[in-house]
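# Descriptive structure summary
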Amino acid sequence: MAKNEVNSDEMERKIFRHKRRVRNQIISYVVLLIFLAGLAVGGLLGVKKIVSIFNEKKEMEEQKQIEDIAQDEEEQPMVEAPEEFTEPEEETDYLSETVENCIAVMSLEDKVAGLFMITPEALTDTNTVVRAGETTEQKLKERPVGGLIYFAQNIKSADQLTEMLSNTRNWCTYPLFLGVDEEGGAVSRVAQSGLADNVGDMADIGSSQDTAAAQEAGAAIGGYLAQYGFNMDFAPVADVITDGNTTIGKRSFGTDTNTVASMVGATVEGLQSKNVSACLKHFPGLGDTSKDTHDGMAGTEKTLEDFMQVDFPVYQAGIAAGADFVMVSHLSAEQVTGDNTPASLSEKMVTELLRGQLGFQGIVITDAMNMTAITDYFTPDQAAVMALQAGVDMILMPEDYETAYNGVLDAVKDGTLSEERINESLRRIYRVKYRDRVGT
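Here goes a summary of the coordinates provided. (Residues numbered from 1 in each chain as written. Predicted model: local features only at pLDDT ≥ 70, side-chain atom pairs only at ≥ 80, totals over all residues. Heavy atoms only, no water.)

### Focus on the layout of surface pockets
- Its boundaries defined by the atoms lining it, the largest pocket holds a volume of some 430 Å³.
- In this structure, the largest pocket is lined by 20 residues; those nearest its centre are Asn231, Asn275, Lys433, Asp436 and Arg437.
- Where the lining of the largest pocket is concerned, the elements lending two or more residues are strand S3 (177-180) and helix H17 (419-434).
- Classifying every residue of the lining of the largest pocket gives eight nonpolar, five polar and seven charged. (1 Å grid on protein atoms, 1.4 Å probe; cavity = no way out; pocket = protein on both sides within 12 Å on 5 of 7 lines; lining within 4 Å. Points joined across faces, edges and corners; volume = space filled by probe spheres on them. Helix = DSSP H or I, 4+ residues; strand = E, 2+ residues; numbered from the N terminus. Nonpolar A, V, L, I, M, F, W, Y, C, P; charged D, E, K, R; others polar.)

### As for the pattern of salt bridges
- Overall, the coordinates contain 15 salt bridges when judged by the stated rule.
- Ionic pairing is found between Glu142 and Lys139, a salt bridge with its closest N-O pair at 4.0 Å. Placement of the pair is Glu142 and Lys139 together in helix H5 (residues 134-142), with a separation of three residues, close to one helical turn.
- One salt bridge in this structure joins Arg435 and Asp324, with 2.8 Å as the shortest N-O distance. Remark: Asp324 occurs in the loop between helix H11 (312-320) and strand S8 (325-328) and Arg435 occurs in the segment after H17; sequence separation between them is 111 residues.
- Judged by its relative accessible area of 34%, Arg435 is partly exposed.
- Given the relative accessible area of 5%, Asp324 is considered buried.
- Through salt bridges with shared partners, a single network forms among Asp181, Glu183, Arg189, Arg251 and Lys281. (Salt bridge = Lys/Arg side-chain N within 4 Å of Asp/Glu carboxyl O. Buried < 20%, exposed > 50% of the residue type's maximum accessible area, 1.4 Å probe, protein only.)

### Some details on the nonpolar core
- With 121 residues, the main nonpolar core has Phe116 and Phe230 as its most contacted residues.
- Discounting residues that sit within four places of it in the chain, Phe230 has contacts with Tyr150, Leu161, Leu165, Leu178, Gly179, Val180, Val190, Leu225 and Val276. (Core = buried A, V, L, I, M, F, W, Y, C linked by side-chain atoms within 4.5 Å. Contact = heavy atoms within 4.5 Å.)

### Quick word on the side chain of Thr119
- Of note, Thr119 is situated in the loop between strand S1 (116-118) and helix H4 (120-124).
- Residue class for Thr119 comes out buried when judged on its relative accessible area of 15%.
- A polar contact is formed between the side chain of Thr119 and the backbone nitrogen of Ala122, at a distance of 3.0 Å.
- With residues near it in sequence (within four places) discarded, Thr119 still touches Leu148, Ile149, Phe151 and Met397. (Polar contact = N/O pair within 3.5 Å; in protein donor to acceptor, adjacent residues only side chain to side chain.)

### Let's talk about the packing of aromatic side chains
- Tallied over the entire structure, the rule returns nine aromatic pairs.
- Look at Phe307 and Phe312: their rings are 6.0 Å apart centre to centre, the planes differ by 20 degrees, and that puts the pair in the stacked class.
- Taking the relative accessible area as the measure of exposure, Phe307 reaches 1% and is therefore buried.
- Over the face of the ring belonging to Tyr405 we find Arg143, whose NZ or CZ atom lies 3.8 Å from the ring centre.
- The residue whose ring lies beneath Lys433 is Tyr430, and the NZ or CZ to ring-centre distance is 4.9 Å. (Phe/Tyr/Trp six-rings, centres within 6.5 Å; stacked < 30°, edge-to-face > 60°. Lys NZ or Arg CZ within 6 Å of the ring centre and 35° of its normal.)

### Quick word on the sheet that holds strand S6 (residues 232-233)
- Sheet architecture is open: eight strands sit in the order S9-S8-S7-S6-S3-S2-S1-S10, paired in parallel fashion. The sheet terminates laterally at strand S9 (363-366) and strand S10 (395-396), the two strands that pair on one side only.
- Pairing between S3 and S6: two bridges, direction parallel. Considered in S6, the bridge of Val180 is made with Asp233.
- Against the sheet, helix H6 (residues 158-171) touches strand S2 (147-150) and S3, its axis set at about 170 degrees to S2. (Pairing = 2+ DSSP bridges. Axes fitted to C-alpha atoms, helices over the stretch in contact; angles between N-to-C directions.)

Shown next as structure tokens:
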């Protein structure tokens, strides 16, 4: 009995302990479940918190990026879309266009006439011209020459001279050069007629070594010539004379190349400041000859090196100053050309040296072609054609204008001279004539 009771108690204790373990396990499971549930809830809240923080941070970063972009846009210049590319327009050369249009409508007869500069007497076939009347008007329309040169016999009074030149200018079909020899000193057609103050010999100005005086003299001459209606002056003399030379004499600025060069350049500037074209003379240089081309052939023993050292620097100075014309003399320089051909008819002198070596692109005109240095050896038509073949642009005062004109016209028609060669000279001539009338 006692043993059975003991066993029963032991059994009850085991049952109690088992229930207690089950209860504890249930409690543990409940607590674990509650804990896990708490973790789950807390985790969910934590994730939301983290997401919230992340979103806030992201928003802050995005806002900062927006602010940075805005700031960069303010600091950087606005770049506009490029415009559609177009080729730049070439600058229009209105002067060249005007010249080409003028030449294009000229007949061959008018073109050839435009290469001559003659006296008003040769134009009208009269003895002495002191007025421009109906005959002048008619002849200019029939034969529109390139220019007229006037002498003392054509000048009587201020009013007469002004009216004559004005009428002549108004009646010409194409612009006309109205020229005169007005060097100062003894060769001054207007001043010696009493219509202006004579500026004196160039030799005196040269000896003063005052280039300002040379420029003032040029401006004074240009001023009164323009007032009367002239637009061209056969000056200044660019010859460098040797001691004792009387052929040119006081018409030259002197014997020193540098002095003459500076004086010539200054005179050109003075003349052309008054819209009067200057003409350098007498290329390649008459300074050492003892003979006058008016009275027969005049020669020189100078070599090309001599001309380059003594004479050409003067022409370079005049060309650099902008001289519109260079007059080529009838001097024979056998040591340069190889024969006694006058410089005015020599391609070596005109094209190779004056154009090529000295670079002159203006108007080349002959000395008067009625001088015996020409007339004793050539007919008027021969001389005119040879001069143009040499590269000359204008023929001054042929011995017989009609013969010279027809000779050039025939030379173009038979192919001795091309019409394009005539056009080349007309381009140079009309660039000067239209220069002040057309914007370039």
